[in-house]
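# A closer look at the structure
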Amino acid sequence: EGQDLHADISKQPPSCDAKERPPLMVVNFAVHDIWEDHGPTRLCPGRGRPMDRARPMRQDAEPPEMWRSTLAPMRAGSCVVRDARIWHGGTPNRRSYPRYLPNL
């Protein structure tokens with residue numbers, strides 16, 4: 001089962017809610033290889049605050065193309081740096097062991 005789209009932060013003062021300056025960045029670290037069948041994070045570039053004021057839709061209401069959004073498979077030791085406001089969510093892990101993706 002995948003994860004609903006969400007943002008890591010949703011409310012901040014208007015002075016911090018600008019395209020040019022994210023109020024918070026997140027760095028996800030791959031501690032092991034994460035391939036397409038191991039639950040990579042899907043990212044929705046251009047979706048989230050300040051462009052989208054509404055909350056992301058739940059999985060059962062998502063159009064099919066949202067599941068084809070940008071997947072982030074990663075090799076061990078790599079990282080993804082992203083704006084904490086961007087919509088993202090984990091995809092289904094089809095492997096027999098957990099997928100770990102710690103972040104700062």
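Residues numbered from 1 in each chain as written. Predicted model: local features only at pLDDT ≥ 70, side-chain atom pairs only at ≥ 80, totals over all residues. Heavy atoms only, no water.

### A closer look at the state of the cysteines
For the structure on display, the rule yields zero disulfides. For the unlinked cysteine Cys44, the closest cysteine sulfur is that of Cys79, found at 20 Å. Overall, the relative accessible area of 4% leaves Cys44 in the buried class. Look at Cys79 and you get partly exposed, because its relative accessible area is 41%. (Disulfide = S-S within 2.5 Å. Buried < 20%, exposed > 50% of the residue type's maximum accessible area, 1.4 Å probe, protein only.)

### Thoughts on the sheet that holds strand 2 (residues 41-48)
Strand order in the open sheet made by the three strands is 3-2-5, with antiparallel pairing throughout. Looking at which strands have only one partner, the edges of the open sheet turn out to be strand 3 (70-72) and strand 5 (86-90). Put simply, the sheet's adjacent strands are angled 30° from each other on average, direction ignored. Note that strand 2 and strand 5 share four bridges and pair antiparallel. The partner of Arg42 across the bridge, within strand 5, is Gly89. (Pairing = 2+ DSSP bridges. Helix = DSSP H or I, 4+ residues; strand = E, 2+ residues; numbered from the N terminus. Axes fitted to C-alpha atoms, helices over the stretch in contact; angles between N-to-C directions.)

### Here's the deal with the environment of Thr70
Topologically, Thr70 is positioned in strand 3. Distance in space between the C-alpha atoms of Thr70 and Arg42 is 5.4 Å, their sequence separation being 28 residues. Not counting the four nearest positions on each side in its chain, Thr70 is found in contact with Thr41, Arg42, Leu43 and Pro45. (Contact = heavy atoms within 4.5 Å.)

### Quick look at the layout of surface pockets
Here the largest pocket is characterised by a volume of approximately 210 Å³. Residue composition of the lining of the largest pocket, by class: six nonpolar, three polar and six charged. (1 Å grid on protein atoms, 1.4 Å probe; cavity = no way out; pocket = protein on both sides within 12 Å on 5 of 7 lines; lining within 4 Å. Points joined across faces, edges and corners; volume = space filled by probe spheres on them. Nonpolar A, V, L, I, M, F, W, Y, C, P; charged D, E, K, R; others polar.)

### Considerations on the pattern of salt bridges
A side chain with one charge may pair with a side chain of the opposite charge, provided their charged atoms come close. What the rule picks out here adds up to six salt bridges. The salt bridge partner of Glu62 is Arg42, with a shortest N-O separation of 2.8 Å. With Glu62 in the loop between strand 2 and strand 3 and Arg42 in strand 2, this residue pair connects regions lying 20 residues apart in the sequence. Given a relative accessible area of 9%, Glu62 falls into the buried group. Close ionic contact of Asp60 with Arg58 constitutes a salt bridge, the shortest N to O distance being 3.7 Å. The exposed category is assigned to Arg58, whose relative accessible area is 54%. (Salt bridge = Lys/Arg side-chain N within 4 Å of Asp/Glu carboxyl O.)

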